[in-house]
Amino acid sequence: MNCEECQEQIFELIEREAVDPDGVREILMRCPDCRAAFDEMKAALAAAEQLPIEEPSVALDAAIVRAAAARTRQPVPSRKKRLQPPLWAAAALVLLAVGVGMWVIPRAAPPEGEAAPAEMKRPEYTMAAERMAPKRKALPQGAAPAKRRPRSHAEGAARAAQTVQAPASRGAADLAAGAVAASPPAEAQPTASRALKEVPADGLVARCKRKVAGIERRTRMDEEYVPKPEEELAIGQCYQALGKVDEARRWLRLAATHRETKARAEEALRDLRPK
Amino acid sequence: MNDACDEVLLAAYRKGDAGAFATLLGRYRAPLFNFLLRSTRDRGRAEELYQDVWMKVIERGDEFRGDAKFSTWVYTIARNLSIDHQRKMKFRAHASLDATRPGASQPWSERVSNPGPSTEQLAVGGLVRERIARAVEALPEEQREVFLLRQLQGLAFREIAEVVGVPANTVKSRMRYALERLQQILSDLEEPHEL
């Protein structure tokens, strides 16, 4: 070890972290310069020991301890827990879902045979709609047809109750027919609607009657209740399906006053005109 | 509980033991406050930051990782708050240190190294300590923080390395430079020491 290496190790020696403490000590014993460097370092450390220590105010500490104690009395949930909804909110959501389900699901059992799967008994109006629908773009030979969900009677009714921009009116269709409907191709809708008028299905008629009666009853019972645009459209379409042109026109006109249902309501109104 | 390590005390506080927090505060109050005081050079600001540090400890106690030491965690918070403060006060801090004061012809860093009264005279008046404090405050920031963490809290170099985010060897170098600089500034106070 030379003097340069020794002086680099002086601090480590004092801090008891020197790689070769014996080597450093040996040089310090015989080299005055290294010894002077060591003394300087020790002097600096001794001076540093005299760094005055000041105290924070007692009042400040007391305030901090009070804040800490208050925190323990009212433990704050972790961030993860804070993001979770409270229990009552979850319960309210469940109740709401049950309530909506009760409203949407038909209260009376459908007529016998009506609930049969589409594969077993396809509703007449659906077949009629397909017969009368404009020719759709033919699939390339060998291409698999688009994946479709099995269509139940109720689903078919919902599809028929919808007009253009089907996704937006899904709620109304559900309201009208009591089922969640898949979005039908837009070009098929007016024709399907006509088919619906020509061959109204018994199940659809029954469900429309119930839904219309329910909404109208609610309107009578609750003065502040105002049907939503989608509901107005759905009622109008139901009356249209029932063949009640005047009632259908009244509700469809109401629906046509709203931006979100205007196009579909006007289209349904145009379908009403020939009658 | 008074003998428990810092991490156990913090865990006890998180479970609702306010006394554990008071014990923790008692352990760190002086070194932490002085770390902030020598960093900010202003008692009022140091007290503000001191309060902020403890508020963060209270608020973020749940985020404390068990694999780290409480001391490194709390000083990391303190250092970050101090750096934020210094960024805001950059110009004022420079002015207070380097600008000549009315009636004085030299900046602090030069004046503290001037030969003055004898050691005994200074010690009697408490001026030695004052000079040392000024000398420490005049250290470059990166050296000062290492020096303070070592001197005030007695943190190991690897712990200081964790707080300041540099390798342990760099921490040692900074400490050595800090001591050399202090020795130069306080050369008139030096006395020979045993090996």
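Quick caveat: nothing in here was measured; it's all calculated off a predicted structure. (Residues numbered from 1 in each chain as written. Chains lettered and ligands numbered in written order. Predicted model: local features only at pLDDT ≥ 70, side-chain atom pairs only at ≥ 80, totals over all residues.)

**Q** Please clarify how the overall build of chain A should be interpreted in this entry.
**A** Looking only at helices and strands, chain A has 14 helices and zero strands in total. The N-to-C order of helical and strand elements in chain A reads α-α-α-α-α-α-α-α-α-α-α-α-α-α. Taken across its 275 residues, chain A has 31% of its residues classed as buried. For chain A, contacts bridging at least 24 residues in sequence account for 66% of all contacts bridging at least 6. (Helix = DSSP H or I, 4+ residues; strand = E, 2+ residues; numbered from the N terminus. Buried ≥ 20, exposed ≤ 12 C-beta atoms within 10 Å, placed from the backbone. Contact = placed C-beta atoms within 7 Å.)

**Q** I would appreciate a short explanation of the overall build of chain B in the present structure.
**A** Broken down by element type, chain B carries 11 helices and zero strands. The order of α-helices and β-strands along chain B, N terminus first, is α-α-α-α-α-α-α-α-α-α-α. Taken over 195 residues, chain B has a buried fraction of 37%. Here the contacts in chain B between residues at least 6 apart in sequence split such that 58% fall between residues at least 24 apart.

**Q** Even after reading the chapter, I still don't get helix α13 (residues 245–256) of chain A, so can you show me in this structure?
**A** Helical geometry: 3.6 residues make up each α-helical turn, so side chains three or four residues apart lie on a common side. Residues and elements named next belong to chain A. The terminal C-alpha atoms of α13 lie 16 Å apart, and with 12 residues this matches the ideal 16 Å at 1.5 Å per residue to within 8%. Looking only at α13, the buried set comprises Ala248, Trp251, Leu252, Ala255 and Ala256. Seen from one end, α13 has its buried residues packed into an arc of 145 degrees, which puts them on one side. Summarising the contacts, the buried residues of α13 are in contact with α12 (229–242) and α14 (259–272). (Expected span 1.5 Å × (residues − 1). Arc of directions from axis to C-beta.)

**Q** In this structure, what is going on with the packing of helix α1 (residues 3–14) of chain A against helix α2 (residues 21–30) of chain A? I would like to understand it.
**A** Each packed pair of helices is defined by two parameters, the angle between the axes and the distance between the axes. All names here are of chain A. Packing of α1 against α2 brings their axes to within 9 Å, and their N-to-C directions diverge by 115 degrees. Where α1 crosses over α2, the two elements pack in a sense that is left-handed. Together, Cys3, Cys6, Gln9, Ile10 and Leu13 of α1 and Pro21, Val24, Ile27 and Leu28 of α2 make up the contact between the two elements. (Axes fitted to C-alpha atoms, helices over the stretch in contact; angles between N-to-C directions. Left-handed = near helix turned anticlockwise from the far one by under 90°.)

**Q** Looking at this model, I keep getting lost on the packing of helix α2 (residues 18–40) of chain B against helix α3 (residues 43–60) of chain B. Mind explaining?
**A** All names here are of chain B. At a minimum axis distance of 9 Å, the contact between α2 and α3 shows a crossing angle of 135 degrees. With respect to α3, the axis of α2 lies oblique. The way α2 lies across α3 gives a crossing that is right-handed. Here Leu25, Leu32, Phe33, Leu36, Leu37 and Thr40 of α2 lie close against α3, whose contacting residues are Arg43, Arg45, Ala46, Leu49, Tyr50, Val53 and Trp54. (Parallel < 35°, antiparallel > 145°, perpendicular 65-115°, else oblique.)

**Q** Before we go on, may I ask you to explain the environment of A:Ala248 in this structure?
**A** Residues and elements named next belong to chain A. Mapped onto the secondary structure, Ala248 falls in helix α13. Take Ala248: there are 24 C-beta atoms within 10 Å of it, and that puts it in the buried class. For the pair Ala248 and Glu232, spaced 16 residues apart in sequence, the C-alpha separation works out to 9.5 Å. The contact partners of Ala248, leaving out residues within four places of it in the chain, are Gly236, Tyr239, Gln240 and Leu272.

**Q** Would you take a moment to explain the confidence of the model for chain B for this structure?
**A** If pLDDT is low for a region, its predicted coordinates should not be looked at in detail. All names here are of chain B. In the predicted model, chain B carries a mean pLDDT of 81, and the fraction of residues at 70 or more is 77%. Per-residue pLDDT stays below 50 along residues 98–115; that stretch engages in 20 contacts with residues further than four places along the chain or on separate chains. Here the prediction assigns the complex a pTM of 0.50, and the interface score ipTM is 0.78. (pLDDT = per-residue confidence, 0-100.)

**Q** What am I meant to see in helix α1 (residues 6–14) of chain B here?
**A** For α1(B), every residue scored as buried is listed here: B:Leu9, B:Leu10 and B:Tyr13. Buried residues along α1(B) cover an arc of 100 degrees about the axis, so they all sit on one side.

**Q** I would appreciate a short explanation of the interface of chain A and chain B in the present structure.
**A** Often, the extent of an interface is quoted as the loss of accessible area on bringing the components together. Listed as interface residues are 31 residues of chain A and, on the opposing side, 38 residues of chain B. Counting residues per element, the ones that place at least two in the side of chain A that touches chain B are α2, α3 (32–49) and α4 (58–73) of chain A. The dominant element in the side of chain A that touches chain B, judged by the number of residues it contributes, is α3(A), at 10 residues.

**Q** When you look at the nonpolar core in this model, what are you seeing that I'm missing?
**A** In summary, soluble globular proteins display a tendency toward joint burial of nonpolar side chains. Ranked by internal contacts, the top residues of the largest apolar core, which has 64 residues, are B:Leu32, B:Leu36, B:Val53, B:Val74, B:Leu149 and B:Leu182. At nine residues, α2(B) tops the list of elements feeding residues into this core. Excluding anything up to four places from it in sequence, B:Leu182 contacts A:Ala44, A:Ala47, A:Ala48 and B:Ala135. Core analysis: the next-biggest nonpolar cluster, separate from the first, contains 16 residues, A:Ile235, A:Cys238, A:Leu252 and A:Ala268 among them. (Core = buried A, V, L, I, M, F, W, Y, C linked by C-beta atoms within 7 Å.)

**Q** Is there a simple way to explain unusual backbone geometry in this structure?
**A** What is expected of a backbone is that most residues other than glycine have negative phi and most peptide bonds are trans. Residues and elements named next belong to chain B. One non-glycine residue, Arg41, lies in the positive phi region at around 65 degrees. One can find Arg41 in the loop between α2 and α3. The exposure class of Arg41 is buried, given the 20 C-beta atoms found within 10 Å.

**Q** How do you make sense of the environment of A:Glu247 when you look at a structure like this?
**A** All names here are of chain A. Tracing the backbone through its elements, the reader meets Glu247 in helix α13. The exposure class of Glu247 is partly exposed, given the 17 C-beta atoms found within 10 Å. Separated by 12 residues in sequence, Glu247 and Ile235 have C-alpha atoms that sit 8.8 Å apart.

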